[in-house]
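Below are the chains, spelled out letter by letter.
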Amino acid sequence: GGSDFANLFLMISSEDDSMLNENTLFILDFMKNNNNSVMNNVHNLLSDFRTKVLPLARVCDKNGQKADCVSTWGSLPLFCHRASDLSLELPNISPILSKAIGDYKRYEELPILICSALVSLISTFDDSNEDDLKAVNNMTIALLPPLFKYLEHTQDNNDTIVSALAHLLANTPSSNLSKLFKKLLTRLLSSI
């Protein structure tokens, strides 16, 4: 599953972490292109993305390898599909996702990739697990503001973004929805 691929991905990445090598990129492409047959029947660990894959994206960013950085982030939806560590990992990764959404000027592809991952995460988590449900609720509170800010600055009304917003809003506690609605109305009225 995703954890096995993350371990393999880490093993074959370049030893000095100066760049992703061809084998690492091959594994990434394989994971993304075969996600239905490889990942659907397993429980993935979101922590593996944060601890094993994301550091490689950071190295790519530091070295100016924008395409490799985006490609690395492209594996996020796979780790979100049926993630079994939501209650433990969402508090750790939500701020990272929020920051990445806010970095859309440098990496315009990241908000779409993150939205795709959010749709996968929310549509496959077990909402009868109270801890996971609470973690998802808290994640929605953290990610809705940067997503709305992103929408203010883009002309891209991509279906993936709309779907992610719908999934997030459906899992946002009602008390937070009314606060968010007031903020949006205030922002809208001030822009008129």
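Every chain is numbered on its own, with residues counted from 1 as its sequence reads. Under the rules for a predicted model, residues below a pLDDT of 70 receive no local features and side-chain atom pairs below 80 are neither given nor counted, while totals for whole chains, interfaces and linings still include all residues. Computation of side-chain values: all heavy atoms of the structure, hydrogens and water removed.

Engineer: Please clarify how the overall build of the chain should be interpreted in this entry.
Structural biologist: Scanning the chain for helices and strands turns up 11 helices and zero strands. Put simply, the chain runs from its N terminus to its C terminus through helices and strands in the order α-α-α-α-α-α-α-α-α-α-α. Here the chain holds 192 residues, and the buried ones make up 43% of them. The contact rule is simple, with two residues in contact once any of their heavy atoms fall within 4.5 Å. Contacts in the chain between residues at least 24 apart in sequence constitute 77% of all its contacts with a sequence separation of at least 6. Only the protein chains shown count as cover for residues, with accessible areas throughout obtained via the Shrake-Rupley method and a probe of 1.4 Å. Carbon and sulfur atoms form 53% of the exposed surface of the chain, whose accessible area is close to 10100 Å². Helix numbers and strand numbers start at the N terminus; a helix is a DSSP run of H or I with at least 4 residues, a strand a run of E with at least 2. Burial here depends on accessible area, computed with a 1.4 Å probe over protein chains only, as a share of the maximum for the residue type. Under 20% is buried, over 50% is exposed, and the range in between is partly exposed.

Engineer: Even after reading the chapter, I still don't get helix α9 (residues 130-152), so can you show me in this structure?
Structural biologist: Each α-helix turn comprises 3.6 residues. Residues three or four places apart therefore point the same way. To estimate the expected span of a helix, count its residues, drop one, and scale the result by 1.5 Å. For α9, which comprises 23 residues, the first-to-last C-alpha distance of 33 Å matches the rise-based estimate of 33 Å (1.5 Å per residue) to within 8%. Values of bend correspond, residue by residue, to the angle between axes fitted over the seven residues ending at that residue and the seven starting there. Of all the bends in α9, the largest measures some 30 degrees and sits at L143, one to four residues before the proline P145. The set of residues buried in α9 consists of D132, A135, V136, N137, M139, T140, L143, L144, P146, L147, F148 and Y150. The term polar contact refers here to a pair of N or O atoms within 3.5 Å; inside protein, the definition further demands a hydrogen-donor-capable atom paired with an acceptor-capable atom, and it admits residues adjacent in sequence only when both atoms are side-chain atoms. For α9, the N-terminal cap is N129; the gap from its side-chain oxygen to the backbone nitrogen of D131 is 3.0 Å.

Engineer: I would appreciate a short explanation of the packing of helix α7 (residues 86-102) against α9 in the present structure.
Structural biologist: Geometry of a packed helix pair, given as the angle between the helix axes and the separation of the axes. Running from N to C, α7 and α9 cross one another at 0 degrees; their axes reach a closest spacing of 9 Å. As summarised for this structure, α7 and α9 are arranged roughly parallel, according to the angle between their axes. Judged by residue contacts, L86, S87, L90, S94, L97, S98 and I101 of α7 engage D131, D132, A135, V136, M139, A142, L143, P146, L147 and Y150 from α9. Charged means Asp, Glu, Lys or Arg here, nonpolar means Ala, Val, Leu, Ile, Met, Phe, Trp, Tyr, Cys or Pro, and polar covers whatever is left, Gly included. Here the contact of α7 with α9 is composed, by residue class, of 12 nonpolar, three polar and two charged. Whenever a helix is involved, its axis is fitted only over the stretch in contact; in every case the axis is a line through C-alpha atoms, and angles between N-to-C directions fall within 0 to 180 degrees. Any angle that is under 35 degrees is reported as roughly parallel, and any over 145 degrees as roughly antiparallel; angles of 65 to 115 degrees are reported as roughly perpendicular and all others as oblique.

Engineer: Whenever I open this one, the nonpolar core confuses me. Can you help?
Structural biologist: As a rule of thumb, soluble globular proteins bury nonpolar side chains together. Joining through side-chain atoms within 4.5 Å is the link that ties buried Ala, Val, Leu, Ile, Met, Phe, Trp, Tyr and Cys residues into a set, and such a set is a nonpolar core. Counting 43 residues, the largest nonpolar core has L46, W73, L76, L90, I114, L121 and M139 as its most contacted members. Those residues in contact with L46 that lie beyond four places of it in its chain are L76, F79, C80, A83, D85, L86, E89, L90, I93 and L121.

Engineer: How should the confidence of the model for the chain be read in this particular structure?
Structural biologist: Low-pLDDT stretches of the model should not have their predicted coordinates read in fine detail. pLDDT is a residue-level measure of predictor confidence that goes from 0 to 100. Residues at a pLDDT of 70 or more form 75% of the chain, whose mean pLDDT is 81. Mean pLDDT in the chain bottoms out at helix α3 (residues 35-39), which sits at 51, and peaks at α7, which reaches 96. A low-confidence stretch, residues 14-19 stays under pLDDT 50, and its non-local contacts, those more than four residues away or across chains, total 13 contacts.

Engineer: Can you walk me through the packing of helix α8 (residues 110-124) against α9 in this structure?
Structural biologist: The contact between α8 and α9 brings their axes to 12 Å, and the two run at 155 degrees. Here α8 lies roughly antiparallel to α9, going by the angle between them. Seen along the crossing, α8 lies across α9 with a hand that is left-handed. Each of P111, I112, C115, L118, L121 and I122 in α8 lies in contact with α9, whose residues at this interface are V136, M139, L143, L147 and Y150. Its residues assigned to classes, the contact of α8 with α9 shows 11 nonpolar, no polar and no charged. Put simply, a crossing is left-handed when the front helix is turned counterclockwise from the back one by less than a right angle, and right-handed when it is turned clockwise.

Engineer: Just checking my understanding: could you explain the packing of aromatic side chains for this structure?
Structural biologist: By convention here, two paired aromatic rings are described through the distance between centres and the angle between planes. Side-chain rings of Phe, Tyr and Trp, where Trp is taken by its six-membered ring, are said to pair if the distance between their centres is within 6.5 Å; with planes under 30 degrees apart they count as stacked, over 60 as edge-to-face, and otherwise as tilted. Following the criterion strictly, the structure yields three aromatic pairs and no others. Each ring, one from F49 and one from F79, has its centre 5.9 Å from the other, and the planes form 50 degrees; the classification is tilted. One end of the pair, F49, is in helix α4 (residues 46-62); the other, F79, is in helix α6 (residues 76-80), with 30 residues separating them in the sequence. Per residue, the accessibility class of F49 equals that of F79, and both read buried. Ring geometry for Y104 against Y150: centres 5.2 Å apart, planes inclined by 70 degrees, an arrangement best described as edge-to-face. Here the residue Y104 occupies a position in the loop between α7 and α8, and Y150 occupies one in helix α9, the gap between them amounting to 46 residues. As far as the burial class goes, Y104 and Y150 line up, both buried.

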